[in-house]
Amino acid sequence: MTAINQTSLVVISAIVFLGVTLLSGPQVGDWMFRISTLMMLAISWNLMANAGLISLGHSAFWGVGSYAAILSANAWGLPIYLSLIVSMVFGSLLGLFLAVATGRLRGIFFAISTLALSEGLRISAFMMPDITNGAVGLFLNQALRPSTTSLYVVGCIGAVIAVVVSVVLSRSRFHFACRAMRNNEPAAQMLGIRPYTYRMVLLAISGAMASCAGGINAWYGGYLDPEVAFTLHFTILSQIAPILGGVHTLVGPIIGSFAIVGLAEASRIFFGQQEGFSQLIYGLVLIVGILFMPAGIWGTVRSFLNRSTTRKSREAAVASAAGRAEVKG
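Residues numbered from 1 in each chain as written. Predicted model: local features only at pLDDT ≥ 70, side-chain atom pairs only at ≥ 80, totals over all residues. Heavy atoms only, no water.

K.L.:
What am I meant to see in the overall build of the protein here?
P.N.:
Scanning the protein from terminus to terminus reveals 15 helices and 2 strands. A compact globule built from 329 residues should have a C-alpha radius of gyration of about 20 Å, and the protein, at 22 Å, falls within 12% of that. Based on the C-alpha atoms only, the size of the protein along its principal axes is roughly 90 × 55 × 40 Å. Here the protein holds 329 residues, and 43% of them are scored as buried. Pairs at least 24 residues apart make up 78% of the contacts formed inside the protein by residues separated by at least 6 positions. As presented, the protein carries roughly 16700 Å² of accessible surface, and 70% of it is formed by carbon and sulfur atoms. The centroid of the 19 positive side-chain charges in the protein is displaced by 18 Å from the centroid of its 10 negative side-chain charges. (Helix = DSSP H or I, 4+ residues; strand = E, 2+ residues; numbered from the N terminus. Rg over C-alpha atoms; globule rule 2.2 N^0.38 Å. Buried < 20%, exposed > 50% of the residue type's maximum accessible area, 1.4 Å probe, protein only. Contact = heavy atoms within 4.5 Å. Areas by Shrake-Rupley, 256 points an atom, 1.4 Å probe, with all protein chains shown as cover. Lys, Arg positive; Asp, Glu negative; His and termini not counted. Charge placed at Lys NZ, Arg CZ, Asp CG, Glu CD.)

What follows is the structure in structure tokens.
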């Protein structure tokens, strides 16, 4: 697909995405909002995974962004777009801190450090009641809260921007440097790539994106406490969505976000009457999907299309050879 076609597809998809959100009812709007915030979180996680950095504590960025949005809005009366800028700034700073603190850590050691960061921030939020209000939690000033439809639109715009950032990075030298770092970091250094510098930039971008998603969700929910902000639920979803959709791909986190929310809602609607059964079905479907589609949904579809194209090409070649044989005969 050429760059022009790819850009056109992104623009058309963004228009359809926003149109569905604006023209649909509250239930569909809620689904689109959840898909949007999960999409931002999944793309953020996937950006780090593209460089071989597996995060087990993405809720750290989500929680910091959530607290930054609510605290700045309540303290200074900021509208949503300014508070989200504050969230992204704090998310970037946290990403830079993580990059500096884990400069020599790789693989599972880096993953454990992100989990420790998330848990440390959760405990810290409990121990700073003067700022976070501790276990009691914080409520957003309702006088500042925009309409629900406006929040739906903000969520969709955030998701569109995240996709655009991902597409732009995929066409840059930055993307190929991250792939080189994932495949063989010592070899990448021999080619002149400075992993430490790229890691700092990558974690700053990823942290800002995930924190923005957390900030948008905080405005939507209107309440926050340490358990809500730093729950592992968001860390798990941020990993499952790109893995189910197709990790290390552009469209994988997008497909995975739609699939996750769709599965969750379908299991709730059809099996919600039996407590816990909907979650069991949801988990089983995810496990089966990951087991039988190791390349994700997008990888499976692409493999099927490639096989179909190869088969048609082979059939055409055979038919052409048979035709030439008949002519010679």
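K.L.:
Looking at this model, I keep getting lost on helix α10 (residues 195-221). Mind explaining?
P.N.:
An α-helix turns once every 3.6 residues. As a result, residues three or four positions apart point the same way. Along its 27 residues, α10 runs 38 Å from first to last C-alpha, staying within 8% of the 39 Å computed at 1.5 Å per residue. α10 sits mainly inside the fold: 19 of its 27 residues count as buried. One or two positions beyond α10, positive phi appears at G222, with a value near 80 degrees. (Expected span 1.5 Å × (residues − 1).)

K.L.:
I would appreciate a short explanation of a nonpolar patch on the surface in the present structure.
P.N.:
Judged by side-chain polarity, Y81, L82, I85, M88, V89, F90 and L93 come together as a nonpolar surface patch covering roughly 650 Å² of accessible area. Turning to its location among the elements, I85 is positioned in helix α4 (residues 80-101). Given the relative accessible area of 42%, I85 is considered partly exposed. (Patch = residues over 30% accessible without salt bridge, like charges linked within 9 Å, V, L, I, M, F, W, Y side chains within 5 Å. Salt bridge = Lys/Arg side-chain N within 4 Å of Asp/Glu carboxyl O.)

K.L.:
Looking at this structure, I do not really get unusual backbone geometry. What am I missing?
P.N.:
Working note: non-glycine residues mostly have negative phi, and peptide bonds are mostly trans. Despite not being glycine, N133 has its phi angle at roughly 70 degrees, a positive value. On the accessibility criterion, N133 (34% relative accessible area) is partly exposed. The phi torsion at H248 lies on the positive side, around 70 degrees, for a residue other than glycine. Summarising the element assignment, H248 is placed in the loop between α12 (232-245) and α13 (252-271).

K.L.:
Could you clarify how one ought to interpret the environment of Y196 in this entry?
P.N.:
Tracing the sequence through the fold places Y196 in helix α10. With a relative accessible area of 39%, Y196 lands in the partly exposed category. Placed 93 residues apart in sequence, Y196 and G103 show a C-alpha to C-alpha distance of 6.5 Å. Non-local contacts of Y196, meaning those with residues more than four positions away in its chain, are made with A99, V100 and G103.

K.L.:
I'm lost on the packing of aromatic side chains in this one. Help?
P.N.:
Centre-to-centre distance and the angle between the planes together describe a pair of aromatic rings. Enumeration according to the criterion identifies 7 aromatic pairs in this entry. Judged by centre distance (4.0 Å) and plane angle (20 degrees), the rings of W62 and F234 are stacked. Remark: F234 occurs in helix α12 and W62 occurs in helix α3 (residues 59-76); sequence separation between them is 172 residues. According to the relative accessible area criterion, W62 is buried, its value standing at 3%. Assessed through its relative accessible area of 16%, F234 is described here as buried. Plain terms: the ring middles of F139 and Y223 are 4.8 Å apart, the flat faces sit at 50 degrees to each other, and that makes the pair tilted. Highlighted residues: F139 in strand β1 (residues 138-139) and Y223 in strand β2 (residues 223-224), separated in sequence by 84 residues. Under the relative-accessibility criterion, Y223 is labelled partly exposed at 27%. (Phe/Tyr/Trp six-rings, centres within 6.5 Å; stacked < 30°, edge-to-face > 60°.)

K.L.:
Please explain the side chain of T102 as it appears in this structure.
P.N.:
If you trace the backbone, T102 turns up in the loop between α4 and α5 (107-126). According to the relative accessible area criterion, T102 is buried, its value standing at 3%. Here the side chain of T102 touches L98 through a polar contact of 2.5 Å, landing on its backbone oxygen. Look past the residues within four positions of T102 in its chain and what remains in contact with it is F110, S113 and R199. (Polar contact = N/O pair within 3.5 Å; in protein donor to acceptor, adjacent residues only side chain to side chain.)

K.L.:
Mind showing me how you'd approach the packing of helix α2 (residues 26-50) against α10 here?
P.N.:
Geometrically, a packed helix pair is captured by the angle between its two axes and the distance between the axes. Where α2 meets α10, the closest approach of the two axes is 8 Å, and the angle between their N-to-C directions is 160 degrees. In terms of their interaxial angle, α2 and α10 are classed as roughly antiparallel. The interaxial crossing formed by α2 with α10 has left-handed handedness. Each of D30, F33, T37, M40, L41, I43, S44, W45, L47 and M48 in α2 lies in contact with α10, whose residues at this interface are L202, L203, I205, S206, M209, A210, C212, A213, I216, N217 and Y220. The class makeup of the residues in the contact of α2 with α10 is 16 nonpolar, 4 polar and 1 charged. (Axes fitted to C-alpha atoms, helices over the stretch in contact; angles between N-to-C directions. Parallel < 35°, antiparallel > 145°, perpendicular 65-115°, else oblique. Left-handed = near helix turned anticlockwise from the far one by under 90°. Nonpolar A, V, L, I, M, F, W, Y, C, P; charged D, E, K, R; others polar.)

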